[in-house]
Amino acid sequence: MERMPYQDGLARTQMAPQSQPGEVVTTDWREKLPVLNGSQVTLRELRTSDAPSLFAMLTTEEVARFISPPPSTVDGFERFITWTLRQRATGSYACYAVTLKGFDTAIGIFQVRESEPSFTTAEWGFAIGSPFWGTGVLQDAAALVLKFTFETLGVHRLEARAAVQNGRGNGALQKMGAVQEGILRRSFLKNGIYLDQVLYGIVKEDWMVQHGTASRDLYSRVH
Ligand SMILES: CC(C)(COP(=O)(O)OP(=O)(O)OC[C@H]1O[C@@H](n2cnc3c(N)ncnc32)[C@H](O)[C@@H]1OP(=O)(O)O)[C@@H](O)C(=O)NCCC(=O)NCCS
């Protein structure tokens, strides 16, 4: 998955949780991700039973073209899902399944991982099955994940990277209010070729203004 730390080989061997024995996990989302309801989608924690639908949705050529190679088998997706649950329990990562309202089938995922301790800075990535591109599902889901990220995880700055050639990925991020901050030259190896990536950022104050939870006066005071 794009820019996310999951590697199928590692997941086979690294089965122990990373939290220390006896460590008390007090934050609810570390125990189980809250269900998030939008107008078109419901986001919920992944389950191993999502592996066949995610395999079908996320391994097509058009979806995988600009992201790190997804698992190549249903078993591989099961291991990925198990890994996501372990990482969530450590408090450093969250992965949501995207489902259409009223249906339980996972049609895509959103991943958020901390890039600095305590989730002050994080990076996200997402992928949706191509039958659902351009339907509004992605934007509905993104709004829920942004709210969860800034309000529940406590993120102050959320980054994303998209290959310059990834037209839909760049278009989708811009629609979400992500700001282009630079080009990471030759930063993403895909099929033996180093691609340039656009670095995007959303800071909490921007999101609060866009989301209507802060006035423009507050925005100008913090900048
Ligand atoms: C990226 C992804 C999640 C976007 O989902 P989506 O449903 O296609 O996204 P949206 O339709 O909300 O937004 C895409 C926007 O990009 C626009 N777009 C399409 N091609 C474009 C291009 N070449 N250049 C610029 N914008 C483009 C679309 O027109 C659309 O904007 P509009 O609604 O104003 O017309 C989906 O395409 C996907 O899963 N891709 C594969 C995984 C991936 O690349 N993930 C990484 C994202 S960084």
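**Student:** Help me get a handle on the packing of helix H3 (residues 51-58) against helix H5 (residues 74-90), residues and values and all.
**Tutor:** What describes two packed helices is the angle between their axes and the distance between those same axes. Interaxial distance between H3 and H5 falls to 8 Å at its minimum, and their mutual angle equals 110°. Relative to H5, H3 is oriented roughly perpendicular. As H3 packs across H5, the resulting crossing turns out to be right-handed. Counting all contacts with H3, which are made through Ala51, Pro52, Leu54, Phe55 and Leu58, the residues of H5 involved are Val74, Phe77, Glu78 and Ile81. In terms of residue class, the contact of H3 with H5 is built from 8 nonpolar, no polar and 1 charged.

**Student:** Can you lay out the pairing of strand S3 (residues 93-100) for me, pointing to particular residues and giving the numbers?
**Tutor:** Counting buried positions along S3 gives 7 out of 8 residues, so the element sits mostly inside the fold. Pairing of strand S2 (residues 41-45) with S3, which is carried by 5 bridges, proceeds in the antiparallel orientation. Across the sheet, the residue bridging to Arg44 is Ala97, located in S3. Across 7 bridges, the pairing between S3 and strand S4 (residues 106-114) is antiparallel. Bridge pairing in S4 places Ala97 opposite Ile109. Where S3 folds back onto S4 in an antiparallel hairpin, the turn is made up of 5 residues, including Gly102, whose phi is positive at roughly 90°.

**Student:** So, the packing of aromatic side chains: which residues are in play, and what are the values?
**Tutor:** The way to describe two aromatic rings as a pair is by their centre distance and the angle between their planes. Overall, the coordinates contain 11 aromatic pairs when judged by the stated rule. Taking 5.9 Å as the distance between ring centres and 45° as the angle between the ring planes, the aromatic pair formed by Phe110 and Trp124 counts as tilted. Of this pair, Phe110 sits in strand S4 while Trp124 sits in strand S5 (residues 121-128); the two residues are 14 residues apart in sequence, bridging distant segments of the chain. The same class applies to Phe110 and to Trp124, which are both buried. An aromatic cluster is present here, built from Phe55, Phe77, Phe80, Trp83 and Tyr93 joined pairwise through their rings.

What counts, and where the lines are drawn
- Residues numbered from 1 in each chain as written.
- Predicted model: local features only at pLDDT ≥ 70, side-chain atom pairs only at ≥ 80, totals over all residues.
- Heavy atoms only, no water.
- Axes fitted to C-alpha atoms, helices over the stretch in contact; angles between N-to-C directions.
- Helix = DSSP H or I, 4+ residues; strand = E, 2+ residues; numbered from the N terminus.
- Parallel < 35°, antiparallel > 145°, perpendicular 65-115°, else oblique.
- Left-handed = near helix turned anticlockwise from the far one by under 90°.
- Contact = heavy atoms within 4.5 Å.
- Nonpolar A, V, L, I, M, F, W, Y, C, P; charged D, E, K, R; others polar.
- Buried < 20%, exposed > 50% of the residue type's maximum accessible area, 1.4 Å probe, protein only.
- Pairing = 2+ DSSP bridges.
- Phe/Tyr/Trp six-rings, centres within 6.5 Å; stacked < 30°, edge-to-face > 60°.

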